[in-house]
Amino acid sequence: MKTKITFLCVIICIGLNAQIINNAFNRSTEFGSNRKESVSVSGNQLNIKTRVIFNALPDGYHVTYTSTDISSTIEDLENKTTEKRNSIIKDLKKLKLQKNDVLVDVIGLDPIYSLTPDSAHLNKPSGYKSTHNFTFKIDDISIIDQLSRVCFDHEIYDLIDIVPFIHSSKAIEDSLSSKAIEVLNDKKQLARDIGFEISDGKPFFEKRKNTIYPSERYLKSYINNASLYKHHIAQNSSISYNRRVEIDAYYNLDLRDADFVFNAQEVKPVVQFIYEIDYGFVKRDREEEARLKEERKERAKEKKNIFILDKNGKMREVKF
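Residues numbered from 1 in each chain as written. Predicted model: local features only at pLDDT ≥ 70, side-chain atom pairs only at ≥ 80, totals over all residues. Heavy atoms only, no water.

So, the environment of L109: which residues are in play, and what are the values?
You can see L109 is positioned in strand β4 (residues 102–113). Residues L109 and T131, spaced 22 residues apart in sequence, show a C-alpha to C-alpha distance of 6.5 Å. Ignoring anything within four residues of it in the chain, the contact list for L109 reads I74, L77, Y128, K129 and S130. (Helix = DSSP H or I, 4+ residues; strand = E, 2+ residues; numbered from the N terminus. Contact = heavy atoms within 4.5 Å.)

Give a description of helix α2 (residues 74–92) that names residues and reports values.
Between its first and last C-alpha atoms α2 spans 27 Å; for 19 residues at 1.5 Å apiece the expected length is 27 Å, and the two agree. When α2 is considered as a whole, its buried residues turn out to be L77, T81, K84, I88, I89 and L92. Buried residues of α2, viewed axially, fall in a sector of 130 degrees; they line one side. Summarising the geometry of α2, the exposed residues directed more than 90 degrees from the buried face are E75, E83 and K90. Tucked inside the fold, the buried residues of α2 contact β3 (60–71), β4, β5 (125–138) and α3 (144–153). (Expected span 1.5 Å × (residues − 1). Buried < 20%, exposed > 50% of the residue type's maximum accessible area, 1.4 Å probe, protein only. Arc of directions from axis to C-beta.)

Go over helix α4 (residues 170–194), please, and point to the residues and values.
Each turn of an α-helix holds 3.6 residues, which means side chains three or four residues apart point in the same direction. The end-to-end C-alpha separation of α4 is 36 Å, in line with the 36 Å expected for 25 residues at 1.5 Å each. Taken together, the buried positions of α4 are I172, L176, K179, A180, V183, L184, K187, K188 and A191. With its phi angle positive at about 135 degrees, G195 sits one or two positions after the end of α4.

How would you summarise the side chain of T135 if you had to cite specific residues and measurements?
Summarising the element assignment, T135 is placed in strand β5. A distance of 3.1 Å separates the side chain of T135 from the side chain of T64, its partner in a polar contact. Apart from residues lying up to four places away in sequence, T135 is in contact with H62, V63, T64, D101, V102 and L103. (Polar contact = N/O pair within 3.5 Å; in protein donor to acceptor, adjacent residues only side chain to side chain.)

Provide a residue-level description of the sheet that holds strand β6 (residues 158–165), including the pertinent values.
Spatial strand order, β4-β5-β3-β6: four strands in an open sheet with antiparallel pairing. At either end of the open sheet lies a strand with only one pairing partner, and these are β4 and β6. Geometrically, the sheet is characterised by an average inter-axis angle of 20 degrees between neighbouring strands, direction not taken into account. By the bridge criterion, eleven bridges tie β3 to β5 in an arrangement that is antiparallel. Along β5, the bridge assignment pairs T66 with N133. Set on the sheet, α2 makes contact with β3, β4 and β5; between it and β5 the angle comes to about 20 degrees. (Pairing = 2+ DSSP bridges. Axes fitted to C-alpha atoms, helices over the stretch in contact; angles between N-to-C directions.)

Kindly report on the packing of aromatic side chains, identifying the contributing residues and their values.
Here the structure, examined in full by the defined rule, presents four aromatic pairs. Seen in terms of ring centroids, F54 and F262 are 5.0 Å apart; in terms of plane orientation they differ by 25 degrees. Their pairing is stacked. Of the two residues, F54 is situated in strand β2 (residues 45–56) and F262 in strand β8 (residues 260–262); the sequence distance between them amounts to 208 residues. By the burial criterion, F54 is buried, and F262 matches it. Taken together, a centroid distance of 4.9 Å and an interplanar angle of 75 degrees make the contact between F260 and F262 edge-to-face. Since its relative accessible area comes to 19%, F262 is described here as buried. The lysine or arginine in question, K179, covers the ring of F260, its NZ or CZ lying 4.4 Å from the ring centre. Across from the ring centre of F196, 4.6 Å away, lies the NZ or CZ of K283, which sits over that ring. (Phe/Tyr/Trp six-rings, centres within 6.5 Å; stacked < 30°, edge-to-face > 60°. Lys NZ or Arg CZ within 6 Å of the ring centre and 35° of its normal.)

By themselves, these are just geometric observations and shouldn't be taken as functional.
Quick look at the structure:
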């Protein structure tokens, strides 16, 4: 019964924290500044903005929990960690996870001192506190609830990180590059159809790439829980039971101003690869060049009076 209540408290706290973070993120994307023009002409200059997005499902996730234990000896702490790890590995077989899918590493070992020193007036540690990270490699984000249940059963309550990974992004990069060039050429043809000739001038362009992980958005809601669980059910009694629908608590993708989106229908948290090309072309202004050339000729025709000092120190005009 206690385990069920604890699990319920954790889930509710996670949900409340998720709503706050997603609310802030969605407001910033909804009301933030974003460009409106993808093709623009100013005088003899053409500017084209191309933006293509690839929504890639991760090949897997590294999910990390942290756990703290206290004991009178370091040996006892090591035994507790080993027993906990072996027990977890045994339970994880139900989730089809193998032994090499679990990594345990110590991130902290702190002595605990009593308030009263010993007879030799030396303040020796009366105990030790160890902190370990338990990192699991999973293939599907949908089993994270089951993974959390296993961790809760072993008194591991604090989820601190979820990092998706992709084995290779080369095929994704190739698809983005090819599609971006295709879209760019279509927009250049649009500019020609409107009346801007892309010839007799100089082009310039800039390519930009960006990658946005779901842990920076939706999944971040789960891992920002420094005060989530206080390890005593009485300390978690300030939960509000008022029912409220939070419309911002959903996974929001950055699709603004995208010319094309690969896997736009995907509903699972994805890694977003964003590929942008800013292209410009400046046409030569032949009329302006001719005008300037004529001005230079006229200035060259103007009579120039040049004076020099002769050997007697007098100024005299030089005739050509």
